[in-house]
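Understanding the architecture of this molecule
Chain residues, written in single-letter form:
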Protein chains: 2
Amino acid sequence: MSVTGDATERLMRIGEVARAAGVSVRAVRYYEQQGLLTAERSPSGQRLYRPDAIAMVRFFQQMFAAGLTSRRITELLPCWDSGHTDAGQRAMLRVERERLQARIDDLEAARDRLDQVIAITDTHP
Amino acid sequence: MSVTGDATERLMRIGEVARAAGVSVRAVRYYEQQGLLTAERSPSGQRLYRPDAIAMVRFFQQMFAAGLTSRRITELLPCWDSGHTDAGQRAMLRVERERLQARIDDLEAARDRLDQVIAITDTHP
DNA sequence: CTTGCCTCTGACGCCGACGTCAGGTTTTAG
DNA sequence: CTAAAACCTGACGTCGGCGTCAGAGGCAAG
């Protein structure tokens, strides 16, 4: 524990990050390839991640589940990891939020439709 | 209008179905290829659809939006267009309903996450 | 008859988030 | 020291719902 804030001991390799976040190693490499996640490198070339990488990966998963592409996520990342955002970025955030809400509405409509079918099949056995 | 229920005049060709349902002609052909939709054929080989085909296509779109594959939809179709369903089919319906609900929950979580980011970026301009 | 739109059957292309295999280096456990 | 496990860089494969192009018929109007 150095006073300089050197946190070398806390760096993780890719496997640990992947396991902790519940994704494959391949997925983590893919995120880096898409510019979502950066890692330091050990002298031998292995990726070294700081602890917050796990939260990042989970965040990516959540956004993927929301239907965002990695490209779109890279555009929104400045809103996430920096304090200052411009009006355009905030607008994009809201656009995505609306898109997401629309998808939720669609899914709920589909669910209700399924419920109708279920109700019919249950009353007509 | 014959008493025999002959509704030949009401048959539509593929373009009309596609336009009415808001999808492409290609999509309607694809549904047939996947076993989702059947059509009669004119002597020259053109597809002829009955009016309810439009509702079917809309239903497919809704299920696609819900994340179901065409394969899965074909398995569930007997629940839809026939009166009698077996226990297995009703179980599948419920499985899909639960899957769908889970996806909705995921999306709502993602939306809330986005809202957090939006709140942060709005208070840190 | 011809013009112009509609339809037909293949069959290849696309996108996005990885899976997977190949062939090689590095780290770790015993 | 050695063997297993983990890591590396390409690069090709996958899946699903179509888009799109090619080449060939069909159908009502003027």
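It should be emphasised that the depicted structure is a prediction, and the values quoted were computed from it without experimental measurement.

Moving on to the overall build of chain A. Check the secondary structure of chain A and you find five helices and two strands. By residue count, 37% of the 125 residues in chain A fall in the buried class. Long-range pairs, those at least 24 residues apart, make up 48% of the contacts in chain A between residues at least 6 apart in sequence. About 7400 Å² of surface is accessible on chain A, with carbon and sulfur atoms providing 52% of the total.

Now for the interface of chain A and chain B. Each partner contributes to the interface: chain A provides 33 residues, whereas chain B provides 33 residues. Overall, the association of chain A and chain B removes approximately 3300 Å² of surface from exposure, summing both partners, and the carbon and sulfur fraction of that is 67%. For the pair chain A and chain B, the number of links is six salt bridges. Where aspartate 122 of chain B meets arginine 90 of chain A, a salt bridge forms, and the shortest distance between an N and an O atom there is 3.9 Å. Between the two partners, chain A and chain B, sit six residue pairs in polar contact (both at pLDDT 80 or more). Put simply, the parts of the chain that give the side of chain A that touches chain B at least two residues each are helix H3 (52-65), helix H4 (70-81) and helix H5 (87-123) of chain A.

Turning our eyes to something else, we now look at the packing of helix H1 (residues 14-21) of chain B against helix H3 (residues 52-65) of chain B. Residues and elements named next belong to chain B. Remark: H1 packs on H3, axes separated minimally by 9 Å, with the N-to-C direction vectors making an angle of 50°. If you check the angle between H1 and H3, you find them oblique. In the crossing of H1 with H3, the sense of the turn from one axis to the other is right-handed. Mapping the contact onto sequence places Val17, Ala20 and Ala21 in H1 and Ala53, Ile54, Val57 and Arg58 in H3. Of the residues that constitute the contact of H1 with H3, the class distribution is six nonpolar, no polar and one charged.

What counts as what
Residues numbered from 1 in each chain as written. Chains lettered and ligands numbered in written order. Predicted model: local features only at pLDDT ≥ 70, side-chain atom pairs only at ≥ 80, totals over all residues. Heavy atoms only, no water. Helix = DSSP H or I, 4+ residues; strand = E, 2+ residues; numbered from the N terminus. Buried < 20%, exposed > 50% of the residue type's maximum accessible area, 1.4 Å probe, protein only. Contact = heavy atoms within 4.5 Å. Areas by Shrake-Rupley, 256 points an atom, 1.4 Å probe, with all protein chains shown as cover. Buried area = accessible area lost by both parts, 1.4 Å probe. Salt bridge = Lys/Arg side-chain N within 4 Å of Asp/Glu carboxyl O. Polar contact = N/O pair within 3.5 Å; in protein donor to acceptor, adjacent residues only side chain to side chain. Axes fitted to C-alpha atoms, helices over the stretch in contact; angles between N-to-C directions. Parallel < 35°, antiparallel > 145°, perpendicular 65-115°, else oblique. Left-handed = near helix turned anticlockwise from the far one by under 90°. Nonpolar A, V, L, I, M, F, W, Y, C, P; charged D, E, K, R; others polar.

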